Amino acid sequence: MANKAISISSIEHSERDVMPLVKMMTIAAWALLGIGLVLSLLNINHFSDRNASLMVGVGFMVGSVHIYVIRTAIHLVHSRAASKSE
């Protein structure tokens with residue numbers, strides 16, 4: 001009866017590493033929030049819906065929140081799946 005040794009590095013993992021995606025989305029969300037704040041604060045003197053740069057700034061801020069929420073959902077789903085597999 002022979003025993004076969006298997007090293008851990010030879011086992012293939014079917015899980016994806018989402019941490020680079022999570023970090024990239026975090027950086028993108030904060031960058032878009034900063035751009036939105038700068039655009040909005042530079043053009044707040046004419047507070048109207050006809051002020052295009054103010055509306056674009058608000059759009060960047062809203063978009064950054066959406067990106068951060070999607071990033072959080074991806075991170076939570078991945079962490080829950082990893083905790084169930086253990």
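Everything quoted here is computed from the prediction, not taken from an experiment. (Residues numbered from 1 in each chain as written. Predicted model: local features only at pLDDT ≥ 70, side-chain atom pairs only at ≥ 80, totals over all residues. Heavy atoms only, no water.)

Asker: Could you clarify how one ought to interpret the overall build of the protein chain in this entry?
Answerer: Along the backbone of the protein chain there are 2 helices and 0 strands. Scored against the burial criterion, the 86 residues of the protein chain give a buried share of 15%. Partitioning the contacts of the protein chain with sequence separation of at least 6, the portion at a separation of at least 24 is 62%. A total of about 7100 Å² of accessible surface is found on the protein chain, and carbon and sulfur atoms cover 67% of it. (Helix = DSSP H or I, 4+ residues; strand = E, 2+ residues; numbered from the N terminus. Buried < 20%, exposed > 50% of the residue type's maximum accessible area, 1.4 Å probe, protein only. Contact = heavy atoms within 4.5 Å. Areas by Shrake-Rupley, 256 points an atom, 1.4 Å probe, with all protein chains shown as cover.)

Asker: What is the right way to read a nonpolar patch on the surface from this model?
Answerer: Residues Leu37, Leu41, Ile44 and Phe47 make up a contiguous nonpolar surface patch of about 450 Å² in total accessible area. Relative to the helices and strands, leucine 41 is located in helix α1 (residues 19-42). (Patch = residues over 30% accessible without salt bridge, like charges linked within 9 Å, V, L, I, M, F, W, Y side chains within 5 Å. Salt bridge = Lys/Arg side-chain N within 4 Å of Asp/Glu carboxyl O.)

Asker: What's the story with the packing of α1 against helix α2 (residues 52-85) in this structure? I'm lost.
Answerer: Pairs of packed helices are described in terms of their axes, by the angle between the two and the distance that separates them. Interaxial distance between α1 and α2 falls to 8 Å at its minimum, and their mutual angle equals 160 degrees. In terms of axis orientation, α1 runs roughly antiparallel to α2. Considering only the axes of α1 and α2, their crossing is left-handed. Residue composition of the contact of α1 with α2, grouped by class: 20 nonpolar, 7 polar and 1 charged. (Axes fitted to C-alpha atoms, helices over the stretch in contact; angles between N-to-C directions. Parallel < 35°, antiparallel > 145°, perpendicular 65-115°, else oblique. Left-handed = near helix turned anticlockwise from the far one by under 90°. Nonpolar A, V, L, I, M, F, W, Y, C, P; charged D, E, K, R; others polar.)

Asker: Please clarify how the packing of aromatic side chains should be interpreted in this entry.
Answerer: Aromatic rings considered in pairs are described by the distance between their centres and by the relative angle of their planes. Summed over the entire model, instances satisfying the criterion amount to 0 aromatic pairs. When the ring centre of tyrosine 68 is taken as reference, the NZ or CZ atom of arginine 71 above it lies at 5.1 Å. (Phe/Tyr/Trp six-rings, centres within 6.5 Å; stacked < 30°, edge-to-face > 60°. Lys NZ or Arg CZ within 6 Å of the ring centre and 35° of its normal.)

Asker: In this structure, what is going on with the environment of valine 22? I would like to understand it.
Answerer: Relative to the helices and strands, valine 22 resides in helix α1. Sequence separation between valine 22 and histidine 75 is 53 residues; the distance between their C-alpha atoms is 6.7 Å. Setting aside residues up to four positions removed in sequence, valine 22 forms contacts with Arg71, Ile74 and His75.

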